[in-house]
Amino acid sequence: MISEPSRYCTVELQALPSRIGQVRRIVSAHLRHWQLDALIDHASLGVTELLTNVHRHALPDKRCTVEVALLLDHLTISVRDNDPRLPGLGELTSREAEFATSGRGLAIIEALSESWGARPYDAGKVVWFTLQAPPSPVALAPHAHSVQGATTDGPFTAGQALDTVPFLTADEPLDAVTVRSALAH
């Protein structure tokens, strides 16, 4: 059986406004490398919303890990942080919504993604979303099967090993470390 290779990228960082744009560019570069240009806009917007939520709400710190995984025909982006409080979709009244300048992050995630969720992870949580990847230009073998949909358990298991990048401090330039990814060739 011929199967699509799995692709992963993991970045650890402090979720500070100056880092969010850098992570967006890293995710975009990986998607271009994986020939998934059609997903860049939605993936960039989604990772921005998740990192902004960490920056605004996560306690006790802003350390987090962004994981990007392409498995078969689904791209999954997750952000793991150290705050155990699970997020929820906030309900704004029409009057509040008229003047609100924030509070729509998870509603945006819900609108742009095929599925999304949040679950406890160690002492914190992971929030994730999936996007349907366009068909691969390489045809699958006749007996290969694609798995559709996502589970509420999220995309990653506790025992899954991924390459990581050390935490970055606010004054450390991004190019001070090499972003590593596990690309199947």
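The structure reproduced in this document is the subject of the present report. Predicted, not measured: the structure shown is a model, and the values here were computed from it. (Residues numbered from 1 in each chain as written. Predicted model: local features only at pLDDT ≥ 70, side-chain atom pairs only at ≥ 80, totals over all residues. Heavy atoms only, no water.)

## Digging into the overall build of the protein chain
Argument step 1. The secondary structure content of the protein chain amounts to four helices and six strands.
Argument step 2. Taken across its 185 residues, the protein chain has 42% of its residues classed as buried.
Argument step 3. About 10,200 Å² of surface is accessible on the protein chain, with carbon and sulfur atoms providing 55% of the total. (Helix = DSSP H or I, 4+ residues; strand = E, 2+ residues; numbered from the N terminus. Buried < 20%, exposed > 50% of the residue type's maximum accessible area, 1.4 Å probe, protein only. Areas by Shrake-Rupley, 256 points an atom, 1.4 Å probe, with all protein chains shown as cover.)

## Observations concerning the pairing of strand 2 (residues 63–71)
Put simply, side chains in a regular strand alternate between the two faces of the sheet.
Argument step 1. Counting buried positions along strand 2 yields seven of nine residues, so the element is predominantly enclosed.
Argument step 2. Summarising the sheet, strand 1 (residues 7–14) and strand 2 pair through eight bridges and their orientation is antiparallel. From the neighbouring strand, Cys-9 faces strand 2, where its bridge partner is Val-68.
Argument step 3. Bridge analysis of strand 2 against strand 3 (residues 74–81) gives eight bridges, and the strand direction is antiparallel. (Pairing = 2+ DSSP bridges.)

## Describing unusual backbone geometry
Argument step 1. Cis peptide bonds are those with omega within 30 degrees of zero, and the linkage from Leu-59 to Pro-60 qualifies with 15°.
Argument step 2. Positive phi, normally seen in glycine, also occurs at Gln-35, with a value near 60°.
Argument step 3. For Gln-35, a relative accessible area of 61% corresponds to the exposed category.
Argument step 4. Backbone geometry at Leu-72 places phi at a positive 55°, although glycine is not the residue there.
Argument step 5. On the secondary structure map, Leu-72 appears in the loop between strand 2 and strand 3.

## Here's the deal with the side chain of Glu-67
Argument step 1. Here Glu-67 lies in strand 2.
Argument step 2. Judged by its relative accessible area of 5%, Glu-67 falls in the buried class.
Argument step 3. In terms of polar contacts, Glu-67 uses its side chain to reach the side chain of Arg-80, at 3.2 Å. (Polar contact = N/O pair within 3.5 Å; in protein donor to acceptor, adjacent residues only side chain to side chain.)

## Notes on the packing of helix 2 (residues 40–57) against helix 4 (residues 105–112)
For any two helices packed against each other, the geometry comes down to the angle between their axes and how far apart the axes lie.
Argument step 1. Relative orientation of the contacting elements helix 2 and helix 4 amounts to 155°, with a least axis distance of 9 Å. Between helix 2 and helix 4, the angle is such that the two are roughly antiparallel. Between helix 2 and helix 4 lies a crossing whose hand is left-handed. Here His-42, Leu-45, Gly-46, Glu-49, Leu-50 and Asn-53 of helix 2 lie close against helix 4, whose contacting residues are Gly-105, Leu-106, Ile-108, Ile-109 and Leu-112. (Axes fitted to C-alpha atoms, helices over the stretch in contact; angles between N-to-C directions. Parallel < 35°, antiparallel > 145°, perpendicular 65-115°, else oblique. Left-handed = near helix turned anticlockwise from the far one by under 90°. Contact = heavy atoms within 4.5 Å.)

## As for the nonpolar core
Argument step 1. Judged by nonpolar contacts, the single largest core of 33 residues is most densely connected at Leu-31, Trp-34, Leu-51, Val-66, Val-68, Leu-75 and Ile-77.
Argument step 2. Elements with a minimum of two residues in this core: strand 1, helix 1 (17–33), helix 2, strand 2, strand 3, helix 4 and strand 5 (124–132).
Argument step 3. No other element matches helix 2, which puts six residues into this core. (Core = buried A, V, L, I, M, F, W, Y, C linked by side-chain atoms within 4.5 Å.)

## Considerations on the pattern of salt bridges
Argument step 1. Inspection of every chain in the model, using the stated rule, returns four salt bridges.
Argument step 2. Residues Arg-63 and Asp-61 are paired through a salt bridge, measuring 3.1 Å at the closest nitrogen-oxygen approach.
Argument step 3. For Arg-63, a relative accessible area of 31% gives the class partly exposed.
Argument step 4. Residue Arg-80 is joined to Glu-67 by a salt bridge in which the shortest nitrogen-to-oxygen separation is 3.2 Å. With Arg-80 in strand 3 and Glu-67 in strand 2, this pair connects stretches of sequence that are 13 residues apart. (Salt bridge = Lys/Arg side-chain N within 4 Å of Asp/Glu carboxyl O.)

## Section: the environment of Leu-50
Argument step 1. Positionally, Leu-50 belongs in helix 2.
Argument step 2. For Leu-50 and Val-79, which are 29 residues apart along the polypeptide, the C-alpha to C-alpha distance reads 6.6 Å.
Argument step 3. Residues in contact with Leu-50, not counting those within four places in the same chain, are Ile-77, Val-79, Leu-106, Ile-109, Val-127 and Phe-129.

## Concerning helix 4
Argument step 1. Of the positions making up helix 4, those classed as buried are Gly-105, Leu-106, Ile-109 and Leu-112. The buried residues of helix 4 occupy an angular sector of 130° when the element is viewed end-on, so they sit on one face. (Arc of directions from axis to C-beta.)

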